[in-house]
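# Notes for the structure review
Single-letter residue listing:
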Protein chains: 2
Amino acid sequence: MAIKTLSAKAAAALDRELMSTGAFSIDQLMELAGLSVSQVVHRVHPLSKGPRVLVAVGPGNNGGDGLVAARHLRHYGYEPGIYYPKRPKNELYQRLTKQLEDLEVPFVDDFPAALQSADHVVDAIFGFSFSGEVREPFPAVINAMAEAKVPVTSVDVPSSWDVDEGPPKSGVGSNFHPDVLVSLTAPKPLVKHFKGRHFIGGRFVAPAIAKKYDFEVPPYQGIDQIVEVDRDGHKL
Amino acid sequence: MAIKTLSAKAAAALDRELMSTGAFSIDQLMELAGLSVSQVVHRVHPLSKGPRVLVAVGPGNNGGDGLVAARHLRHYGYEPGIYYPKRPKNELYQRLTKQLEDLEVPFVDDFPAALQSADHVVDAIFGFSFSGEVREPFPAVINAMAEAKVPVTSVDVPSSWDVDEGPPKSGVGSNFHPDVLVSLTAPKPLVKHFKGRHFIGGRFVAPAIAKKYDFEVPPYQGIDQIVEVDRDGHKL
């Protein structure tokens with residue numbers, strides 16, 4: 001049985017529903033989503049493999065998940081660095097940034113240079129609302145991640161990929177294949193084109209809501225906020 | 001070396017600081033605090049010991065932590081029930097309540113009756129801002145917890161205890177000795193009088209802030225949001 005997926009349109013509708021009738025605040029959801037991402041990084045890249053995690057942060061909610069993940073990674077003992085070139089005025093992102101500054105997490109300006117001394121990369125640039133062209137300054141960042149010698153973990157969507165169709169046929173991102181993907185709440189259709197280790201995170205969806213959107217609550221174990229799944233969505 | 005503690009006054013100041021200069025929202029802090037409580041319950045009372053966790057919820061933030069913990073416990077597979085007799089109009093608590101309703105978590109009116117069929121109890125009635133007398137309807141609830149045949153886990157403060165002085169000398173709560181305590185951010189002075197299993201949770205305090213308030217960031221391990229400590233504050 002093929003894994004059930006949430007289209008870009010359905011993912012946007014689910015997000016709206018969680019924050020309206022579902023009564024979640026974006027702070028809550030982003031905290032749990034970012035926590036999931038940090039748990040995946042800890043699973044695939046334990047501290048013994050090197051503490052330096054470079055987090056590429058985009059201008060929207062996917063970037064916010066990355067900021068939260070970086071904070072938790074710092075608490076776990078990692079040494080994250082943040083590349084955050086486009087910072088919206090939004091108060092939430094400003095607060096998440098301040099929380100990192102208080103932990104003395106450095107913000108870097110030159111992504112390719114920072115990549116040289118990173119042990120792992122988190123791609124939190126674009127999420128399920130991305131479509132169209134990759135805007136500056138991100139083409140060079142995605143090219144650098146595509147050619148990185150260290151593993152890359154993408155948050156929800158490999159940045160530049162079409163949420164429903166997968167990697168672009170040509171141009172920026174056509175050669176970007178991250179090693180790890182953390183699907184949030186449910187996988188998106190692009191997973192058909194993804195070959196790496198696949199986790200699902202974001203353990204906050206009620207079974208009734210999952211049913212309405214035609215997916216299953218993933219087979220999380222114990223207190224885990226994440227679960228690694230195979231191509232059919234079964235627990236590994 | 002004795003464990004470092006945060007007085008009621010210092011705990012209130014730290015809370016204010018986290019939400020002002022620390023840039024945290026109450027939604028974030030409560031989510032992480034409640035998550036810590038759920039992890040403690042899972043540690044001391046794994047599902048195999050029985051799924052029915054009765055959560056006694058007070059009218060303030062301690063109660064909010066209990067509501068969040070109950071939601072996570074539900075996701076872990078427990079069957080929580082909520083006793084929540086005094087519900088403030090505050091929008092946050094209404095949202096946390098709705099999130100539980102969407103998971104079909106039952107709310108009960110009769111605490112002693114519900115206790116008869118519970119496997120574990122979470123005391124989330126009063127926290128670090130409690131002082132003075134226990135108001136109705138909570139005296140009977142605290143008496144019932146004091147005599148419960150199943151283990152009780154208290155959130156931050158055993159309800160009815162003075163935050164700085166410990167259990168009352170007489171009256172309601174003088175015979176209440178919970179089995180487990182989850183101190184949030186740092187232990188309060190009452191821990192000197194506590195004999196059960198002691199955990200610290202709430203993994204969000206920056207080292208600089210802890211230093212300012214004269215405590216150490218607890219020795220959390222890996223991705224754990226909690227750590228069990230001995231009477232000197234060392235990891236068990």
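- Looking at an unreviewed UniProt entry, one finds chain A named NAD(P)H-hydrate epimerase and attributed to Remersonia thermophila.
- On record in UniProt, under Sequence similarities (unreviewed entry), the comment for chain A is "Belongs to the NnrE/AIBP family."
- Under the Function (unreviewed entry) heading, UniProt states for chain A: "Catalyzes the epimerization of the S- and R-forms of NAD(P)HX, a damaged form of NAD(P)H that is a result of enzymatic or heat-dependent hydration. This is a prerequisite for the S-specific NAD(P)H-hydrate dehydratase to allow the repair of both epimers of NAD(P)HX."

### Considerations on the interface of chain B and chain A
- Each side of the interface is counted separately: chain B has 30 residues, and chain A has 30 residues.
- Summing the contributions of chain B and of chain A, the shared interface buries around 2700 Å²; its carbon and sulfur component is 59%.
- For the interface between chain B and chain A, the tally reads zero salt bridges.
- Residue assignment for the side of chain B that touches chain A shows that the elements contributing at least two residues are helix H2 (26-44), helix H3 (61-76) and helix H4 (91-102) of chain B.
- The element that contributes the greatest number of residues to the side of chain B that touches chain A is H2(B), accounting for seven residues.

### Focus on H3(B)
Residue and element names in this part refer to chain B.
- Given a rise of 1.5 Å per residue, 16 residues ought to cover 22 Å, and the 23 Å separating the end C-alpha atoms of H3 matches this to within 8%.
- With 14 of its 16 residues buried, H3 lies for the most part within the structure.
- The positive-phi residue at the C-terminal boundary of H3 is Gly77, with phi of around 110°.

### Quick notes on the relation of the copies chain B and chain A
- Screw-axis analysis of chain B against chain A gives a translation of 0.0 Å along the axis, an RMSD of 0.0 Å, and a rotation angle of 180°. As the rotation angle and translation indicate, the two copies are arranged about a two-fold axis.

### So, unusual backbone geometry
Residues and elements named next belong to chain A.
- The step from Glu136 to Pro137 runs through a cis peptide bond, and the omega angle for that step is 5°.
- With respect to the helices, strands and loops of the structure, Pro137 is situated in the loop between strand E4 (120-124) and helix H6 (138-146).
- Phi is positive for Ala23, which is not a glycine, with a value near 70°.
- Position of Ala23 among the secondary structure elements: in the loop between helix H1 (8-19) and helix H2 (26-44).
- The phi angle at Thr185 is positive, at roughly 70°, despite the residue not being glycine.
- Checked against the element boundaries, Thr185 lands in the loop between strand E6 (180-184) and strand E7 (197-201).
- Exposure remark for Thr185: the relative accessible area of 11% places this residue in the buried category.

Cut-offs used in this document
- Residues numbered from 1 in each chain as written.
- Chains lettered and ligands numbered in written order.
- Predicted model: local features only at pLDDT ≥ 70, side-chain atom pairs only at ≥ 80, totals over all residues.
- Heavy atoms only, no water.
- UniProt positions renumbered as here; feature names shortened; annotations may be inferred.
- Contact = heavy atoms within 4.5 Å.
- Buried area = accessible area lost by both parts, 1.4 Å probe.
- Salt bridge = Lys/Arg side-chain N within 4 Å of Asp/Glu carboxyl O.
- Helix = DSSP H or I, 4+ residues; strand = E, 2+ residues; numbered from the N terminus.
- Expected span 1.5 Å × (residues − 1).
- Buried < 20%, exposed > 50% of the residue type's maximum accessible area, 1.4 Å probe, protein only.
- Least-squares fit on C-alpha atoms with pLDDT ≥ 70 in both.

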